[in-house]
Amino acid sequence: MSDFTLLYKKYSSVSSLTNELNGSVIVLKRRNMAANKKILETHPRLQVADEEVAKANRELLNILATLEAFYDKQESSSSLYQLSENQLFRKYILENVEYREQVKQAAAKLRNHQHLTNKDLGDIDRFISILDNEASVLYRKLRSSRG
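Residues numbered from 1 in each chain as written. Predicted model: local features only at pLDDT ≥ 70, side-chain atom pairs only at ≥ 80, totals over all residues. Heavy atoms only, no water.

Draft legend 1. Up close: the pattern of salt bridges. Tallied over the entire structure, the rule returns 8 salt bridges. E85 is the partner of K10 in a salt bridge, and the nearest nitrogen-oxygen pair spans 3.1 Å. Placement of the pair is K10 in helix 1 (residues 3-34) and E85 in the loop between helix 3 (50-72) and helix 4 (87-94), with a sequence separation of 75 residues. Residue classification places K10 among the buried residues on the basis of a relative accessible area of 15%. Its salt-bridge partner being K109, residue D120 comes within 2.7 Å of it at the nearest N-O pair. Placement of D120 in helix 6 (residues 118-146) and of K109 in helix 5 (residues 97-111) is noted, with a sequence separation of 11 residues between them. The structure contains a network of salt bridges with shared partners spanning K10, E85 and E134. (Salt bridge = Lys/Arg side-chain N within 4 Å of Asp/Glu carboxyl O. Helix = DSSP H or I, 4+ residues; strand = E, 2+ residues; numbered from the N terminus. Buried < 20%, exposed > 50% of the residue type's maximum accessible area, 1.4 Å probe, protein only.)

Encoded structure:
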């Protein structure tokens, strides 16, 4: 496989993960905002359907479970393995014991059908930021490798 193909495959994977994670977090943040009646009265479009919330919870739990498994065994077959080279991912996600605990708590809440708080979702935003940064770096590499 060519370097361009490998780079594109990595970019596509990171970008998809970023979009799925970000989309789920946004839905859950909207749900939390819609729980405030005053906000909902002035912004009725914040309302989120139960199906959207259920889908966001499933997708988010799947991603957090993948991250939990990666904490235990950093297997090369994991979709997160390619991020191991990223210094920010290693420092703030893999090696940060406090963040690891936050991920486990958020995943446990989702498994127990509990709502994630805005703080929980804010913690997950750190992972989104790192993924987004990696996707941007990979995109720039793709552009420069094409000529």
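Draft legend 2. Region of the structure containing the packing of helix 1 against helix 6. Direction vectors running N to C along helix 1 and helix 6 enclose 155°, while the axes themselves pass 8 Å from each other. Viewed along their axes, helix 1 and helix 6 adopt a mutual orientation that is roughly antiparallel. Where helix 1 crosses over helix 6, the handedness of that crossing is left-handed. (Axes fitted to C-alpha atoms, helices over the stretch in contact; angles between N-to-C directions. Parallel < 35°, antiparallel > 145°, perpendicular 65-115°, else oblique. Left-handed = near helix turned anticlockwise from the far one by under 90°.)

Draft legend 3. Representation of the side chain of N86 within the structure. One can find N86 in the loop between helix 3 and helix 4. For N86, a relative accessible area of 8% corresponds to the buried category. Engagement of the side chain of N86 in a polar contact is seen with the backbone nitrogen of F89, the distance being 2.9 Å. (Polar contact = N/O pair within 3.5 Å; in protein donor to acceptor, adjacent residues only side chain to side chain.)

Draft legend 4. Just the packing of helix 4 against helix 6, in detail. Where helix 4 meets helix 6, the closest approach of the two axes is 10 Å, and the angle between their N-to-C directions is 170°. Compared by their axis directions, helix 4 and helix 6 come out roughly antiparallel. Contacts between helix 4 and helix 6 involve L88, F89, Y92 and I93 from the former and R126, F127, I130 and N133 from the latter. When grouped by side-chain class, the residues that make up the contact of helix 4 with helix 6 number 6 nonpolar, 1 polar and 1 charged. (Contact = heavy atoms within 4.5 Å. Nonpolar A, V, L, I, M, F, W, Y, C, P; charged D, E, K, R; others polar.)

Draft legend 5. Main features of the packing of aromatic side chains. For the structure shown, the criterion picks out 3 aromatic pairs. The interplanar angle of 45° and the centroid separation of 5.8 Å between the aromatic rings of Y11 and Y139 together place this pair among those described as tilted. Of this pair, Y11 sits in helix 1 while Y139 sits in helix 6, placing them 128 residues apart in sequence. We classify Y139 as partly exposed; its relative accessible area is 40%. When the centroid spacing of 6.0 Å and the interplanar angle of 35° are considered together, the rings of F89 and F127 count as tilted. Note that F89 is positioned in helix 4 and F127 in helix 6, a separation of 38 residues in sequence. Taken together, F70, F89 and F127 form an aromatic cluster joined through their ring pairs. (Phe/Tyr/Trp six-rings, centres within 6.5 Å; stacked < 30°, edge-to-face > 60°.)

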